[in-house]
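Now for the letters of each chain:
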Amino acid sequence: MNKLALGVLASGRGTNLQAIIDACGEGQLPAEVKVVVSDVEDSFALERARSAGIPAVFLAPGKYKTKLEPEREMEYVECLRRHGVRLVLLAGFMRVLHSDFLAAFQGRLMNIHPSLLPSFPGLKAQKQALERGVRYAGCTVHFVDESVDGGPIILQAVVPVEHDDSVDSLSDRILKEEHRIYCEAIRLFAEGRLQIEGRRVRILGRGEKA
Ligand code: GAR
């Protein structure tokens, strides 16, 4: 089987990126990371990419804090296309993407979020969960659409909240599950087993035709 070409967008330390690189390298995923792009020049995610021999590209985001300037956004699209990327993965990429980007990668753009969506979208999801007093937190992999953290859900994992949890301890436990379900979602995509039906994603059985 041809390997699925991945492009990863990351703003920070890049542990999800690392889990994906490792899973590809160990042959657990029929995929290969072709390029890592960041809006933060000194992000550790870029360092991880360089260490793995993967093209690591910093693209300036422009003047906004929470989104990319439109011309900058097209540079991201062009870069991903130039590297032949089929599936784009947001892995701690902290900027909202807009319609031109979404149109370029329609149905081929995933995000990981550290909560059981639709609860606690946006920033500091683990802190929101602790402060709200939920008994179960977790993480979600979803396709990206125009909404913030609101696209069709692919996979979720549940993590119990302990009474003495801090934001850090809860985040660490959630992160382990993030690494697991992100790789699983990529594998399902690579196998052609994800079918978007409105707000829902159907997971096809092995060999089942869409
Ligand atoms: C992860 O917890 C990811 O779910 C979160 O940022 C962290 C990045 O960690 N993403 C969001 O909150 C997006 N709304 P990493 O850089 O170690 O992968």
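Coordinates for the structure precede this section.
Quick summary incoming for the structure in this document. Please read all numbers here as calculations on a predicted model, not as lab measurements. (Residues numbered from 1 in each chain as written. Predicted model: local features only at pLDDT ≥ 70, side-chain atom pairs only at ≥ 80, totals over all residues. Heavy atoms only, no water.)

Moving on to the site of the ligand. Taken together, Arg13, Gly14, Thr15, Asn16, Gly92, Met94, Ile112, His113, Pro114, Leu175 and Glu178 form the complete shell of residues around the ligand. Contacts to the ligand include asparagine 16, whose side-chain N or O atom sits 2.9 Å from an oxygen atom. Between the ligand and the protein, one listed contact pairs a nitrogen atom with a side-chain N or O atom of histidine 113 at 3.2 Å. Summarising the interface, the protein chains cover 90% of the accessible area of the ligand, which totals 450 Å² for the free molecule. Mapping the ligand onto the cavity grids shows that it belongs to the largest pocket. If you list the elements that add at least two residues to the shell around the ligand, you get helix H1 (15-25), strand S5 (109-113) and helix H6 (167-190). Considered class by class, the residues forming the shell around the ligand number four nonpolar, five polar and two charged. (Near = heavy atom within 4 Å. Polar contact = N/O pair within 3.5 Å; in protein donor to acceptor, adjacent residues only side chain to side chain. Areas by Shrake-Rupley, 256 points an atom, 1.4 Å probe, with all protein chains shown as cover. 1 Å grid on protein atoms, 1.4 Å probe; cavity = no way out; pocket = protein on both sides within 12 Å on 5 of 7 lines; lining within 4 Å. Sits in = over half its atoms within 2 Å of the grid points. Helix = DSSP H or I, 4+ residues; strand = E, 2+ residues; numbered from the N terminus. Nonpolar A, V, L, I, M, F, W, Y, C, P; charged D, E, K, R; others polar.)

Attention now moves to the pattern of salt bridges. Close approach of charged atoms allows side chains of opposite charge to pair. Scanning the model with the defined rule gives 13 salt bridges in all. Note that glutamate 184 and arginine 187 form a salt bridge whose closest N and O atoms lie 2.8 Å from each other. Of this pair, glutamate 184 and arginine 187 both sit in helix H6, three residues apart, which is roughly one turn of the helix. Between glutamate 208 and arginine 202 there is a salt bridge whose closest N-O contact spans 3.3 Å. Its relative accessible area of 34% is what places arginine 202 among the partly exposed residues. Residues joined in a network through salt bridges with shared partners are Glu184, Arg187, Glu191, Arg193 and Arg206. (Salt bridge = Lys/Arg side-chain N within 4 Å of Asp/Glu carboxyl O. Buried < 20%, exposed > 50% of the residue type's maximum accessible area, 1.4 Å probe, protein only.)

Moving on to the packing of aromatic side chains. Within a pair of aromatic rings, the relevant descriptors are the distance that separates the centres and the angle that separates the planes. Per the stated rule, a full pass over the model turns up two aromatic pairs. With a centroid separation of 6.0 Å and an interplanar angle of 55°, the aromatic rings of tyrosine 76 and phenylalanine 93 are classed as tilted. Here the residue tyrosine 76 occupies a position in helix H3 (residues 70-82), and phenylalanine 93 occupies one in the loop between strand S4 (87-90) and helix H4 (99-104), the gap between them amounting to 17 residues. Taking relative accessible area as the criterion, tyrosine 76 reaches 0% and is therefore assigned buried. Assessed through its relative accessible area of 6%, phenylalanine 93 is described here as buried. Measuring from ring centre to ring centre gives 5.5 Å for phenylalanine 101 and phenylalanine 105, while their planes differ by 45°; the resulting arrangement is tilted. Looking at phenylalanine 101, the relative accessible area reads 0%, which means it is buried. (Phe/Tyr/Trp six-rings, centres within 6.5 Å; stacked < 30°, edge-to-face > 60°.)

Below, the discussion takes up the side chain of arginine 108. Mapped onto the elements, arginine 108 comes out in the loop between H4 and S5. With residues near it in sequence (within four places) discarded, arginine 108 still touches Val85, Arg86, Leu87, Val88 and Phe189. (Contact = heavy atoms within 4.5 Å.)

Core analysis: the largest hydrophobic core is formed by 47 residues, its most contacted members being Leu6, Ile20, Val33, Leu89, Met110, Ile154 and Ile186. No other element matches the ten residues that H6 contributes to this core. Contact partners of leucine 89, with chain neighbours within four places excluded, come to Leu6, Gly7, Val8, Leu9, Ile20, Met110, Tyr182 and Ile186. Residues Val35, Val37, Cys79 and Leu102 belong to the second largest nonpolar core, which totals 19 residues. (Core = buried A, V, L, I, M, F, W, Y, C linked by side-chain atoms within 4.5 Å.)

Burial along S4 is two-sided: the residues Leu87 and Leu89 and Val88 and Leu90 are all buried. One ladder, built from four bridges, connects strand S1 (residues 4-9) with S4; its direction is parallel. The residue of S4 that forms the bridge with leucine 6 is leucine 87. Note: S4 against S5, three bridges, orientation parallel. In the strand pairing of S5, leucine 90 is matched with asparagine 111. (Pairing = 2+ DSSP bridges.)

With that settled, consider the packing of H1 against H6. Relative orientation of the contacting elements H1 and H6 amounts to 45°, with a least axis distance of 9 Å. In terms of their interaxial angle, H1 and H6 are classed as oblique. Both H1 and H6 take part in a crossing whose hand is right-handed. Every residue of H6 that contacts H1 at Thr15, Asn16, Ala19, Ile20 and Ala23 is listed here: Leu175, Glu178, His179, Tyr182, Cys183 and Ile186. Partitioned by chemical class, the residues of the contact of H1 with H6 number seven nonpolar, three polar and one charged. (Axes fitted to C-alpha atoms, helices over the stretch in contact; angles between N-to-C directions. Parallel < 35°, antiparallel > 145°, perpendicular 65-115°, else oblique. Left-handed = near helix turned anticlockwise from the far one by under 90°.)

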